[in-house]
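Each chain is listed here by its residues.
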Amino acid sequence: MSVRSYGVMVVVAGLLASAGCSASSSSRSEPREAASRTIRPVQGCGDTSWTDPADMSPKRQPARCEPGAPGPRRLSETRKLTIATGTLSAEYVAPLQVALDKGEFKREGLDVTLKVLPTPDALPLLAKGEIDALWAAPEAAVMNGLRGGFDIKWVAGNFSPDPESKSGLWVRLKDGESADRVAMAGRKLGTMIGKGSVIAYPMEQALEQHGGGLDKIQYQQLGSADVLTALQNGGVDSAWLLDPVWRKVDGTPGYAFLGGQPLGEPLGGMLYGPSLLNDDVDAGVALIRAYIRTVNSYFASDYKKNASFVTYLANLLKADKEILESTPSLRMDWEIRAGTTDRLQSAYGAQGVADGDPLPESRTVNRSLYEEAVGHRP
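Attention here is on the structure that accompanies the text. Here, residues in each chain are numbered from 1, in the same order as that chain's written sequence. Side-chain atom pairs in this predicted model are given and counted only at pLDDT of 80 or more, local residue features only at pLDDT of at least 70, and totals for whole chains, interfaces and linings cover all residues. Computation of side-chain values covers all heavy atoms of the structure but excludes hydrogens and water.

Structural notes on the sheet that holds strand β10 (residues 255-260)
Now for step 1: A pair of strands counts as paired when DSSP detects no fewer than two bridges linking them. Strands here are runs of E lasting at least two residues and helices are runs of H or I lasting at least four, both read from the DSSP assignment and numbered beginning at the N terminus. Taken in spatial order, the five strands of this open sheet run β8-β7-β9-β6-β10, and their pairing is mixed. With one partner strand each, in any of the chains shown, β8 (218-221) and β10 form the two edges of the open sheet. Between one strand axis and the next, the sheet turns by 25° as a mean value, whatever way the strands run.
Now for step 2: Here strand β6 (residues 168-172) runs beside β10; their pairing, made up of five bridges, is antiparallel. Residue pairing for β10: Trp170 is matched across the bridge by Phe257.
Now for step 3: Note on contacts: a residue pair is in contact if any heavy atoms of the two residues lie within 4.5 Å. Angles here are taken between N-to-C directions and fall from 0 to 180 degrees, while the axes themselves are lines fitted to C-alpha atoms, restricted in helices to the stretch in contact. Of the strands in this sheet, β6, β7 (188-191), β8, β9 (238-241) and β10 are in contact with helix α8 (residues 200-208), which crosses β10 at around 125°.

Following this line, the structure appears as structure tokens:
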């Protein structure tokens with residue numbers, strides 16, 4: 001297990017007992033989360049605003065409303081919310097940054113603060129209600145926390161990759177190997193994320209196609225600036241390369257792309273704790289409504305075709321415009337596919353970082369908030 005993953009597990013384990021003792025009856029029994037809420041039709045959000053969670057087609061089109069929809073429904077009193085995120089500069093955080101900059105949260109009566117916090121630090125705060133939401137992923141630490149009593153659920157997706165993206169598992173080919181004939185068992189994998197991350201699921205898929213497996217490779221955790229260097233100089237045999245790093249080896253003889261995040265399946269997004277799941281569901285829906293409206297207004301299609309928007313985005317994210325333009329647009333997607341947390345937990349089990357039996361989706365996912373935001377009646 002990597003040092004980072006071990007640290008996550010220690011943090012979670014150390015707080016489970018206190019979470020179980022201090023959780024209020026409302027946060028543990030979930031009566032308000034499960035309570036019936038009135039679902040009203042939403043102007044601008046028709047048949048295309050919701051898709052079947054079981055549709056796993058790689059060509060599936062993400063749900064979309066008209067630009068500007070769903071319209072805001074301002075809360076009677078301003079609600080201050082804190083959303084934790086591991087970074088403010090990554091492209092997948094762009095919808096939150098744009099929603100804040102364009103005043104979409106304010107239109108809902110929300111005073112939102114984006115706070116940079118690593119998931120290991122943010123997770124116990126979310127479970128205690130000291131922060132309201134976490135823009136991250138249902139990693140192994142989240143699942144282990146849920147088993148121990150944390151009141152957290154995955155409530156909205158973030159993105160899936162463009163078919164042209166090659167962010168994912170890359171390997172240095174040995175003599176006689178080709179992209180469709182690579183022996184991965186026993187190889188050393190360089191990654192800056194380590195065990196327990198959601199990339200375990202797509203990595204497992206790629207490895208199994210080449211005689212490997214999550215339990216048949218060696219892990220080498222490296223800094224973000226060191227992963228590519230280690231792959232190029234032979235320090236590792238393979239590596240998980242993110243945008244836009246994979247561009248450095250794409251088309252170079254001796255390297256092969258084996259696979260990345262499944263098309264059409266977000267692996268992260270918004271996680272809610274008890275404050276928005278139970279204590280103030282209206283604010284929870286309002287936050288997701290602002291997020292969805294931002295996606296429909298600014299990220300509905302290939303947003304990188306708009307040069308002025310790319311310039312705006314680069315300035316907002318404090319990113320290099322040329323680097324931002326060097327990779328395809330993300331397919332922003334607020335929906336959560338059926339069975340994703342099952343597949344993630346299976347991969348965590350293969351890595352040896354799962355504590356206990358897999359949790360059913362009813363314990364890990366809540367789609368009702370984004371369904372209410374677009375007016376979909378289950």
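On we go from here.
Concerning the nonpolar core
Now for step 1: In plain words, nonpolar cores are sets of buried Ala, Val, Leu, Ile, Met, Phe, Trp, Tyr and Cys residues tied together by side-chain atoms within 4.5 Å. Using a 1.4 Å probe on the protein chains alone, a residue whose accessible area is under 20% of its type maximum counts as buried, one over 50% counts as exposed, and one in between counts as partly exposed. Grouped together as the largest cluster of nonpolar side chains are 97 residues, with contacts concentrated most on Met270, Tyr272 and Leu287.
Now for step 2: Top contributing element to this core by residue count: helix α11 (residues 281-298), with ten residues.
Now for step 3: Listed in part, the twelve residues of the second largest apolar core include Val236, Trp246, Val249 and Tyr255.

Let's talk about the side chain of Gln345
Now for step 1: Here Gln345 lies in helix α14 (residues 340-351).
Now for step 2: Taking the relative accessible area as the measure of exposure, Gln345 reaches 4% and is therefore buried.
Now for step 3: Residues in contact with Gln345, not counting those within four places in the same chain, are Met143, Arg147, Pro358, Leu359 and Thr364.

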